[in-house]
Amino acid sequence: MKHNLGNYAIIALVILNIIIWLVFPPVNDGRPNFVRQYVGEVIGSTNIILMACALFLSTRPKWAEPYFGGLDRMYITHRRTATVAFLLIFVHVLTVPITTTNLSLGNYLAIIAFVGIVSIVLITLAPRIPFLSKLSGGTYEGWKNLKRFIGIFFIIAFIHALTIPDPLDALVAISWVQIFFIIGTVSYLYTELFGRFFKKFMPYTVDAVKHPNASSTEVTLRAKKNPIKKQRAGQFLFVRFPGDKTLNESHPFTISSAPAEDVLRLTIKASGDFTRYLFGHLQAGTNAVIEGAYGMFDYKTGSAKQIWIAGGIGLTPFLSFIRDMDGNLKHDVNFYYTVRHPEEALFRDEIEAAAQKNPRLKTHVRYSATDGSLTVEEIVKNAGGDLRNYDIYLCGPLPMIQAFTRKFQELGVPGKNIHYEEFNFR
Ligand SMILES: Cc1cc2nc3c(=O)[nH]c(=O)nc-3n(C[C@H](O)[C@H](O)[C@H](O)COP(=O)(O)OP(=O)(O)OC[C@H]3O[C@@H](n4cnc5c(N)ncnc54)[C@H](O)[C@@H]3O)c2cc1C
């Protein structure tokens, strides 16, 4: 319940907005199309509220993580809120009466905001359309940079609302919406301008760089002064390396070391531009800047019987769990680690050693190319035939997470017992 409070709060704000417009309606001054303008303003103000919420979530407020179930879930809410806000723009434009004569500042600003927001969203929503994706640079960073301008059009959209000719006389409702304009604008300025003075960006140095196999890098980081606050095993951080132009992009990675260690270890799979370049170029002694730690993927809050499933590089939070154990595991865990080939499996020795030290940890390393894919039937059999009292933790490729989640739910595992780490923020 607590993990969804943030989502419920956003829905409550939308409902409250409608109630406020109904309880304090605008004065009907007998103008033509009064009702259309009234309904259009209710939709427009809902749009401002949702955009403000999306901009607020972009600030990555650490204190709000428990109300969404972690920063990764907050990003999902951000995405959904922004999508609904985007669709409402069209409903607003189709509802309000539009004049084509005597255009004023408010009308011009409406056109600028509409064209600006729609262009940015279409370009960022269309990475699969070759022509459109080229406009954003085709990369995640290009997409992120373009998305930055949305806040400017949010501000223009609000100034449009204040400068339209002949606005409705609805003091209470309009004052209430202004609160969200302030929240959205301050959030946007915080994210883009002055957040850097408040946020904890901690300076670190790369202590060591190793390659546990042909496609991954283990980076050890040591704090120059104060380390980041780590609360629990399995959390993640954002890291960039300012000394190198390519590596000076902030990317999220799980902290695969245990919270008690005096260094941070990251295990990074070379999968795209940044991570491949890091594999080939990152060296000990490089400066790093770290933001975090974030995340609520925590087996310790789960029930006594657990199943952990790691696919490929999805091993990293479990690695942190294992490194944190020290023979004191208080849960019965069946841990499945699946990779295609033996050479892809990371830290097998450590995983086996942890199982020896913690009799309640049963590990199953699976090579899908030779042994076939891991099946739910096998997991159920090893668990004694019934999964309903189990908490299940999953991390890996999204299709794997989705397929397992669906099957577990079909077998009666409640959704609240299935936990997964989302490795994708787009
Ligand atoms: C919470 C979390 C924990 C993660 N932990 C690990 C880990 O322990 N080990 C590991 O190897 N990978 C981890 N990842 C994935 C890792 O962040 C991406 O693989 C990496 O950022 C890809 O960058 P790229 O340029 O090499 O690949 P690209 O091909 O450019 O990007 C591939 C995908 O990665 C995501 N991505 C790219 N850049 C960013 C960015 N700056 N911020 C957010 N997402 C981005 C996007 O979804 C993109 O579509 C984690 C991701 C998240 C969200």
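Up top you'll find the structure we're talking about.
What counts as what
- Each chain carries its own residue numbering, running from 1 in the direction its sequence is written.
- It should be noted that, the model being predicted, local features are given only for residues of pLDDT at least 70 and side-chain atom pairs only at 80 or more, the latter also being counted only at that level, while totals for whole chains, interfaces and linings use all residues.
- Excluding hydrogens and water, the side-chain values take into account all heavy atoms of the structure.
- Going along the chain from the N terminus, every DSSP run of H or I of four or more residues is numbered as a helix, and every run of E of two or more is numbered as a strand.
- Throughout this description, buried means an accessible area under 20% of the type-specific maximum (1.4 Å probe, protein chains only), exposed means over 50%, and partly exposed covers the range between.
- We call two residues in contact whenever any of their non-hydrogen atoms come within 4.5 Å of each other.
- A positive count includes Lys and Arg, and a negative count includes Asp and Glu. His and the chain ends are not counted in either.
- For this purpose, a charge sits on NZ of Lys, CZ of Arg, CG of Asp or CD of Glu.
- Within this document, salt bridges are pairs made up of a side-chain nitrogen of Lys or Arg and a carboxyl oxygen of Asp or Glu, the two lying within 4 Å of each other.
- Two strands qualify as a pair provided DSSP detects at least 2 bridges between them.
- With strands facing away from the observer, any crossover in which the path from the first strand over the helix to the second runs clockwise is taken as right-handed.
- Put simply, a residue is near a molecule or strand once any heavy atom of it comes within 4 Å of that molecule or strand.
- Here a polar contact is recorded for every N or O atom pair within 3.5 Å, except that within protein the pair must consist of a potential hydrogen donor and a potential acceptor, and residues adjacent in sequence are included only if both atoms are side-chain atoms.
- Here, Shrake-Rupley sampling with a 1.4 Å probe gives the accessible areas, and only protein chains in the shown set may cover a residue.
- Only Asp, Glu, Lys and Arg are considered charged, only Ala, Val, Leu, Ile, Met, Phe, Trp, Tyr, Cys and Pro nonpolar, and every remaining residue, Gly among them, polar.

### Side note on the overall build of the chain
Move 1: The number of helices and strands found in the chain is 14 helices and 11 strands.
Move 2: Along the first, second and third principal axes, the C-alpha atoms of the chain reach 80 × 50 × 40 Å.
Move 3: Expressed as a percentage of the 426 residues in the chain, the buried residues total 48%.
Move 4: Intrachain contacts of the chain at a sequence separation of at least 6 include 75% that bridge at least 24 residues.
Move 5: Charged side chains in the chain number 44 positive and 33 negative. The centres of these two groups are separated by 2 Å.

### Observations regarding the pattern of salt bridges
Move 1: On inspection of all chains with the given rule, the structure shows 18 salt bridges.
Move 2: The salt bridge partner of arginine 73 is aspartate 72, with a shortest N-O separation of 3.9 Å.
Move 3: Note on aspartate 72: relative accessible area 2%, which makes it buried.
Move 4: The structure contains a network of salt bridges with shared partners spanning Glu218, Glu261, Arg265, Arg323 and Glu350.

### Let's talk about the pairing of strand E11 (residues 418-421)
Move 1: Where strand E10 (residues 391-395) lies against E11, 4 bridges are found, and the strand directions are parallel. Its bridge partner being in E11, leucine 394 is matched across the sheet by tyrosine 420.
Move 2: As a crossover connection, the stretch from E10 through helix H14 (residues 398-410) into E11 is right-handed.

### Here's the deal with the site of the ligand
Move 1: Every one of the 23 residues lining the ligand counts as a neighbour, but His251, Pro252, Lys269, Thr275 and Asn424 are closest to it.
Move 2: The contact in question runs from an oxygen atom of the ligand to an N or O atom on the backbone of proline 252, over 2.7 Å.
Move 3: Between the ligand and phenylalanine 274 there is a distance of 3.0 Å, counted from an oxygen atom to a backbone nitrogen or oxygen.
Move 4: When the ligand is considered free in solution it has 890 Å² of accessible area, and contact with the protein chains removes 87% of it.
Move 5: If you tally residues by element for the shell around the ligand, the top one is strand E4 (residues 251-254), at 4 residues.
Move 6: Its residues assigned to classes, the shell around the ligand shows 9 nonpolar, 9 polar and 5 charged.

### Considering unusual backbone geometry
Move 1: With omega at -5 degrees, the peptide bond leading from glycine 292 into alanine 293 counts as cis.
Move 2: A positive phi angle, near 60 degrees, is found at asparagine 33, a position not held by glycine.
Move 3: Position of asparagine 33 among the secondary structure elements: in the loop between helix H1 (5-23) and helix H2 (34-57).
Move 4: With phi around 50 degrees, phenylalanine 347 is a residue other than glycine that occupies positive phi space.
Move 5: In this structure, phenylalanine 347 sits in the loop between strand E8 (332-339) and helix H11 (348-357).
Move 6: What makes phenylalanine 347 buried here is its relative accessible area of 18%.

In short, geometric facts, not functional conclusions.
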